[in-house]
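Overview (structure and organization)
So you can see what is in the structure, the chains are spelled out below.
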Amino acid sequence: VALVAALVACSPVERGPRWRAAGGSSPRDGGTLRFATKDGIVTLDPTREYDEVSGYVVHALRDTLVGYAAGSTRLEPRLAERWEISGDGRTYTFVLRPGIAYADGTPIRAVDFANSLTKARTSADSPFGSFLAHVTDITVRGDRELAITLALPDTSFPNVMAMTFTTPLRADRPELGCGPFALERWDRGERVVLRRNPHYWDAAHVHLDAIEMLENVPRDTQFLMFERGELDAAAPLAAPDYQWIVAQPAWQPYLHTRATMNAFGSRMNVRVKPFSDRRVRQALNYALDKQHTIKLLSGAAVPAHGILPPGVAGRDDALLPYRHDPERARALLAAAGYPDGFDVDYLIPADEEAERLAGSLQHDLGEVGVRVHVQEQALASYAAALGSADGPSFAKVGWLADYPDPANFFDASFHSRSIANDGTTNYSFYVNPEVDALLDSAHGASDEGTRAELYRRVERILRDDAPWLWDYHQLATEVIQPYVQGYAPHPVWVRDYTQVWLDLGANGERVPR
Amino acid sequence: MIALVLRRLGWTIAVAWFAVTATFAMVAAIPADPVRAIAPHASPEAVQRMRAYYCLDRGVIAQYGCFVGHVARGELGDSIRQKRAVTAVIADHVWPTIELAVAAVLLQLAIAVPLGVIAAVRRGRWPDRAVNACWLVAQSAPPFFVGTLVLYVLAYRFGWFPLAGYGAGVLDRLHHLVLPAATLATAGVAYYARAVRTEMIDALGEDYVRTARAKGLTEARVIWRHGLRNALGPLIAVAGLNLGLLLGGAVVVEYIFAWPGIGRELLLAILDQDGPVIIGIVLVAALAIALANLAADVVQLAIDPRLRE
């Protein structure tokens, strides 16, 4: 048996797309799109869902007052027809689109939005209360108007109203959705089936009959299922699969690599020696060879000069990442009083990718005399250590944005207000009154140009002050079958297939290559 | 006999309680923050509020008190990651694991009994040695290796079986069940076959077998009716003990084949430090193993009067 298995495993196999697009020129309706995820759905309750996989499904089931335009981070009205900002910049009035309805056809009223916002603010186990911390008043005017007043002007606030937890909830039937799809069945931990919602206000852009998502399928199995045609899309690709597929010309047109809203690096606790010295932090930034990082991520990443990924308004694309310069690093360390380097513990979460990257960091920093001792912990233990003022001063960190606005990146990570002894999100315990002041004035700035300029100044200060060892922005990789049409990867919504269509043969079957 | 069973039942509960308390102590000893792990961007105040909700802001003794209070009310607390009752999590996932375990045991018996009998009857000759070699390989092959191999060869390359999932409808479910059940059964087959072989060798040396042969019964009748029947008794005890092994293997097998059982839930809960779910599943598993052993004992008592003294 072992011999036969070995022979089969080693014999060559022809791999490539097995089907092709039928050649239809305009979107046709019908068909089921199938995909799978490595993790399972945690909950479909929009006021509690805060993980990626639940997000895919909840986003298809729910719509919000505002949203992002196709393929971009530009805000556009969705369930709201328009919104107005008061003269003092503190009150946002949303006017609902006429005739919008839930999946059962009953009308959506303004009070339903107040209902979900109140639920998020008051539930003990909702993680979203903090996004509404500065909301002072929610007023419902009739069926179609909702006014939200903030304590201070905040230009980024409409982004919060694009987060799915703000979706309308009917008090008597909170499970009722209002998105492009409605829930047909959910076998927990196994699969979820979504069926097209005929009452959706933008139904003209929805072509699929159904979406079927399998939960908890390991990544390599997902890719095998995709190759066999049991799935219509596979993402994110495991490193070996991605390396293989980028070398296959036949798959190139169907491979998507795109920027998403994240940043990764290492925090250096600026309160603790040796990281209290800026020269040490800069030295480490010069010592790390980011090309190693990119290679270890199979090319699915770009080097970072700060926390803002490409595509976020206000990012200074002209700013360069620290170059790899071990000489410079050694000189800076010597100037800071560490001519022979130092020993330091480095905390990472227990996963294979973090291990590989930590090995590379250990090597690069070793070249300038910094002896890194890698400590690995399960995610929950790692999160506890990272949030604590007594945790390891040097640790891997990442930021996955809640919305694509610089405020969401900068305020949580570098404003002194976000420091806490337990559960901090300012992981470096970085305090800089100038940065605080710039971030505060950017908050209220209504002119986009002024605001962008303020954030660019923050970016430059942070690049030089180096509270993080800036490393990389990860790109999302995804491959779809040739007959999946109209798919434009979105920078905010990952795996959003709600507007794709399937280019199948006349009988509704896939056309073989 | 009833007193004996009741006493054993008392022990069963004590064992399960000990397993759960030990698990609780281990979970509590790990410096982890499951709330921060599920809500990395929430403000410190929101995190504090959530910790209080899950009883995580108090000392270990108080947390144990919370847990005991839940159990006294017939519940197991709320899952931190899934944000619902642990009893609901277990109720959703226990059935797939039972299906998988039953299928694996049936497969094990179907393969192990004939192999063990053949090995015993042809003791020391090539069939015995061949069976022995197979045991060695099967017992040494870890489920994650066997699982990945059969997945690649039989599901991906030959396409005979689905790659992952639970299936819908009876036939589709059985089709999905074959590979995970076979993988889970592999290691245990050797276990059973060895037990059957040993018992058969003993049984075939007994006087009643010689008597049966002397009566002129066919050799097949001697082996299957007189030998095997007497060899099966101890197998029941082996089956009781084997359940623990099976549940341990299910954790890996369910993960590889995306089988939605409690083994995989346990693995995911451990990765997320979701204490209430870890403890709840350990409780169910400990009770199942202890009860299976109790049942094995009772069955043996019932069929073998000598053990009742």
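Predicted, not measured: the structure shown is a model, and the values here were computed from it. (Residues numbered from 1 in each chain as written. Chains lettered and ligands numbered in written order. Predicted model: local features only at pLDDT ≥ 70, side-chain atom pairs only at ≥ 80, totals over all residues. Heavy atoms only, no water.)

Details of the overall build of chain A
- Counting its regular elements, chain A contains 14 helices and 22 strands.
- When its C-alpha atoms are laid out on the principal axes, chain A stretches across 75 × 70 × 40 Å.
- The proportion of buried residues among the 513 residues of chain A is 59%.
- In chain A, of all internal contacts separated by at least 6 residues, the share reaching a separation of at least 24 is 71%.
- Carbon together with sulfur atoms contributes 51% to the accessible area of chain A, which is approximately 19800 Å² in total.
- Distance between charge centroids for chain A: 2 Å, based on 52 positive and 68 negative side chains. (Helix = DSSP H or I, 4+ residues; strand = E, 2+ residues; numbered from the N terminus. Buried < 20%, exposed > 50% of the residue type's maximum accessible area, 1.4 Å probe, protein only. Contact = heavy atoms within 4.5 Å. Areas by Shrake-Rupley, 256 points an atom, 1.4 Å probe, with all protein chains shown as cover. Lys, Arg positive; Asp, Glu negative; His and termini not counted. Charge placed at Lys NZ, Arg CZ, Asp CG, Glu CD.)

Here we look at the interface of chain A and chain B
- At the interface, 47 residues of chain A touch 50 residues of chain B.
- The interface formed by chain A and chain B contains one salt bridge.
- In this structure, Arg188(A) engages Asp92(B) in a salt bridge whose closest nitrogen and oxygen atoms are separated by 3.5 Å.
- Joining chain A to chain B, the criterion identifies four residue pairs in polar contact (both at pLDDT 80 or more).
- A per-element tally of the side of chain A that touches chain B places helix 11 (residues 379–387) of chain A first, with five residues. (Salt bridge = Lys/Arg side-chain N within 4 Å of Asp/Glu carboxyl O. Polar contact = N/O pair within 3.5 Å; in protein donor to acceptor, adjacent residues only side chain to side chain.)

Details of the confidence of the model for chain A
- On average, residues of chain A score 90 in pLDDT, and 97% of them reach the 70 mark or higher.
- At the low end of the mean pLDDT range in chain A sits helix 1 (residues 2–10) of chain A, at 64; at the high end sits helix 7 (residues 278–287) of chain A, at 96. (pLDDT = per-residue confidence, 0-100.)

Considering the sheet that holds strand 9 (residues 181–187) of chain A
Residue and element names in this part refer to chain A.
- One open sheet holds the four strands; their spatial order is 2-11-10-9, and the pairing between them is mixed. On the outer flanks of this sheet lie strand 2 (32–36) and strand 9, each paired with one strand and no other. Neighbour to neighbour, the strand axes of the sheet diverge by 15° on average, direction disregarded.
- Both strand 9 and strand 10 (residues 191–196) contribute to a ladder of six bridges, which runs antiparallel. Paired with phenylalanine 181 across the strands is arginine 196, a residue of strand 10. (Pairing = 2+ DSSP bridges. Axes fitted to C-alpha atoms, helices over the stretch in contact; angles between N-to-C directions.)

Points about the packing of helix 9 (residues 207–214) of chain B against helix 10 (residues 219–256) of chain B
All names here are of chain B.
- Where helix 9 contacts helix 10, the two axes come as close as 10 Å, and the packing angle between them is 160°. Looking at the two axes, helix 9 sits roughly antiparallel to helix 10. Seen from above, helix 9 lies across helix 10 with right-handed handedness. Along its contact with helix 9, which presents Tyr208, Val209, Ala212 and Arg213, the element helix 10 presents Glu219, Val222, His226 and Asn230. (Parallel < 35°, antiparallel > 145°, perpendicular 65-115°, else oblique. Left-handed = near helix turned anticlockwise from the far one by under 90°.)

Regarding the environment of Ala138(B)
All names here are of chain B.
- Inspection of the secondary structure puts alanine 138 in helix 6 (residues 126–140).
- On a C-alpha basis, the gap between alanine 138 and threonine 186 in space is 5.7 Å, while along the polypeptide they are 48 residues apart.
- When sequence neighbours within four positions are dropped, the list of residues in contact with alanine 138 reads Thr186 and Ala187.

Describing the pairing of strand 19 (residues 468–480) of chain A
Residues and elements named next belong to chain A.
- Buried residues dominate strand 19, accounting for 13 of its 13 residues.
- Where strand 12 (residues 233–234) meets strand 19, two bridges bridge the pair, whose relative direction is antiparallel. Bridge pairing links alanine 233 to isoleucine 480 in strand 19.
- Summarising the sheet, strand 14 (residues 262–268) and strand 19 pair through four bridges and their orientation is antiparallel. If you follow phenylalanine 264 over to strand 19, its bridge partner there is tyrosine 472.
- Bridge count between strand 15 (residues 301–303) and strand 19: three bridges; the pairing is antiparallel. When the bridges of strand 19 are listed, proline 303 appears paired with tyrosine 472.

A closer look at the side chain of Thr183(B)
- For Thr183(B), the location among the structural elements is in helix 8 (residues 170–204).
- With near-sequence residues (within four places) excluded, Thr183(B) lies in contact with Pro143(B), Val146(B), Gly147(B), Val150(B), Val253(B) and Phe257(B).

Examining helix 6 (residues 239–246) of chain A
Residue and element names in this part refer to chain A.
- When we look at burial in helix 6, the residues that qualify are Asp241, Tyr242 and Ile245. Buried residues along helix 6 cover an arc of 100° about the axis, so they all sit on one side.
- Summarising the contacts, the buried residues of helix 6 are in contact with helix 5 (219–227), strand 13 (255–259) and strand 19. (Arc of directions from axis to C-beta.)

Some remarks on the pairing of strand 5 (residues 80–85) of chain A
Residues and elements named next belong to chain A.
- Pairing of strand 5 with strand 6 (residues 91–96), which is carried by five bridges, proceeds in the antiparallel orientation. Each residue of the ladder has a partner; that of glutamate 84, found in strand 6, is threonine 93.
- Connecting the antiparallel pair strand 5 and strand 6 is a turn made up of five residues, with glycine 89 showing a positive phi of about 75°.

Focus on the nonpolar core
- One finds Val479(A) and Met200(B) to be the most contacted residues of the largest nonpolar core, which totals 97 residues.
- Residue contributions to this core peak at 13 residues, all from helix 8 of chain B.
- The next biggest cluster of nonpolar side chains, apart from the first, holds 59 residues, and it includes Met268(A), Phe275(A), Leu288(A) and Ala385(A). (Core = buried A, V, L, I, M, F, W, Y, C linked by side-chain atoms within 4.5 Å.)

Quick look at the environment of Trp135(B)
Residues and elements named next belong to chain B.
- Turning to its location among the elements, tryptophan 135 is positioned in helix 6.
- Along the chain, tryptophan 135 and valine 89 lie 46 residues apart, while their C-alpha atoms are 37 Å from each other.
- For tryptophan 135, the residues in contact, after removing those within four places along its chain, are Ala119, Ala190, Ala193, Arg194 and Arg197.

Overview of the sheet that holds strand 8 (residues 145–150) of chain A
Residues and elements named next belong to chain A.
- Within the open sheet, the four strands sit side by side as 5-6-8-7. Their pairing is antiparallel. The two strands at the open ends of the sheet, each matched to only one other strand, are strand 5 and strand 7 (135–141). The average undirected angle you get between the axes of adjacent strands in this sheet is 15°.
- Of the strand pairs in this sheet, strand 6 and strand 8 are connected by five bridges, and their pairing is antiparallel. In the strand pairing of strand 8, threonine 91 is matched with threonine 149.
- Across the sheet, helix 3 (residues 110–122) touches strand 6, strand 7 and strand 8, and the angle it forms with strand 7 is around 155°.

Comments concerning the side chain of Asp465(A)
- Structurally, Asp465(A) is set in helix 14 (residues 448–465).
- A polar contact of 3.0 Å, which involves the side chain of Asp465(A), links it to the side chain of Arg278(A).

Looking at a positive patch on the surface
- A contiguous patch of positive charge, built from Lys215(B), Arg221(B), Arg225(B) and Arg229(B), is present on the exposed surface.
- Counting through the fold element by element, Arg229(B) comes out in helix 10. (Patch = residues over 30% accessible without salt bridge, like charges linked within 9 Å, V, L, I, M, F, W, Y side chains within 5 Å.)

Here we look at the pattern of salt bridges
Residue and element names in this part refer to chain A.
- For the structure shown, the criterion picks out 43 salt bridges over all chains.
- Two residues, arginine 141 and glutamate 145, come together in a salt bridge whose shortest N-O distance is 3.2 Å.
- Residues arginine 228 and glutamate 230 are paired through a salt bridge, measuring 3.5 Å at the closest nitrogen-oxygen approach.
- By relative accessible area, arginine 228 is classed as partly exposed at 22%.
- A network of salt bridges, in which partner residues are shared, links Asp104, Arg170, Asp172, Arg173 and Glu175.

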